[in-house]
Amino acid sequence: DQIHRAAVNHRFSIQRTGLQTLVLEACSNEANEMIFTGNIGFKNPYGWLPARFFGFMPFEFARGLGFLVLLLMLTALICHHRADDNVITVHY
């Protein structure tokens, strides 16, 4: 039995959204059996984020903004009460 190996590195720009189908065809008169191994990846406009996590993006963005607001409020309170004796020194 002969083993045929081939490496393929190809990029294709997808023009429309939706289900994508990949078809591989191997034409060889010499091989009775072929085994395909490899990796296929799709990069969306938001990077390598999997589609199942795409719906979480608005919530995570809002949560990040909320934490930023809380951080700014805490920083303002610590700076405001810095001269007071009731602020623990570990806060600043």
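Our subject is the structure that appears above.
Presented here is an overview of the structure given in this document. Note that this is a predicted model, so its numbers are computed, not measured.

1. Observations concerning the overall build of the protein chain
Then step 1. Each helix and strand counted, the protein chain has one helix and zero strands in total.
Then step 2. Here the protein chain, with 92 residues, has 4% of them falling under the buried criterion.
Then step 3. For the protein chain, the exposed surface amounts to about 9,700 Å²; the carbon and sulfur share of it is 59%.

2. Some thoughts on a nonpolar patch on the surface
Then step 1. Together, Phe12, Ile14, Leu22, Leu24, Met34, Phe36, Ile40 and Phe42 line one region of the surface with nonpolar side chains, adding up to about 880 Å² of accessible area.
Then step 2. Locating Met34 in the fold gives a position in the segment before α1 (57–80).
Then step 3. Judged by relative accessible area, Met34 falls into the partly exposed class, the value being 37%.

3. Structural notes on the pattern of salt bridges
Then step 1. Inspection of every chain in the model, using the stated rule, returns one salt bridge.
Then step 2. Its salt-bridge partner being Glu60, residue Arg63 comes within 2.8 Å of it at the nearest N-O pair. Residue Arg63 and its partner Glu60 are both found in helix α1; the two are separated by three residues, about one turn of the helix.

Quick notes on the rules
- Within every chain, residues take consecutive numbers counted from 1 along the sequence as written.
- In keeping with the predicted nature of the model, local features appear solely for residues at pLDDT of at least 70, side-chain atom pairs appear and are counted solely at 80 or more, and the whole-chain, interface and lining totals rest on all residues.
- Calculated side-chain values reflect all of the structure's heavy atoms, with hydrogen atoms and water omitted.
- Helix and strand definitions follow DSSP, with helices as H or I runs of at least four residues and strands as E runs of at least two, each counted in order from the N terminus.
- Buried residues are those whose accessible area, probed at 1.4 Å on protein chains only, stays under 20% of the maximum for their type, while exposed residues exceed 50% and partly exposed ones sit between those limits.
- The protein chains shown are the only cover counted for residues, whose accessible areas, like all others here, come from Shrake-Rupley with a 1.4 Å probe.
- Residues enter patches when they are more than 30% accessible in relative terms and free of salt bridges; like-charged ones are connected within 9 Å and nonpolar ones (Val, Leu, Ile, Met, Phe, Trp, Tyr) within 5 Å.
- Every case where a carboxyl oxygen of Asp or Glu lies within 4 Å of a side-chain nitrogen of Lys or Arg is listed as a salt bridge.

Keep in mind these values describe shape, not function.
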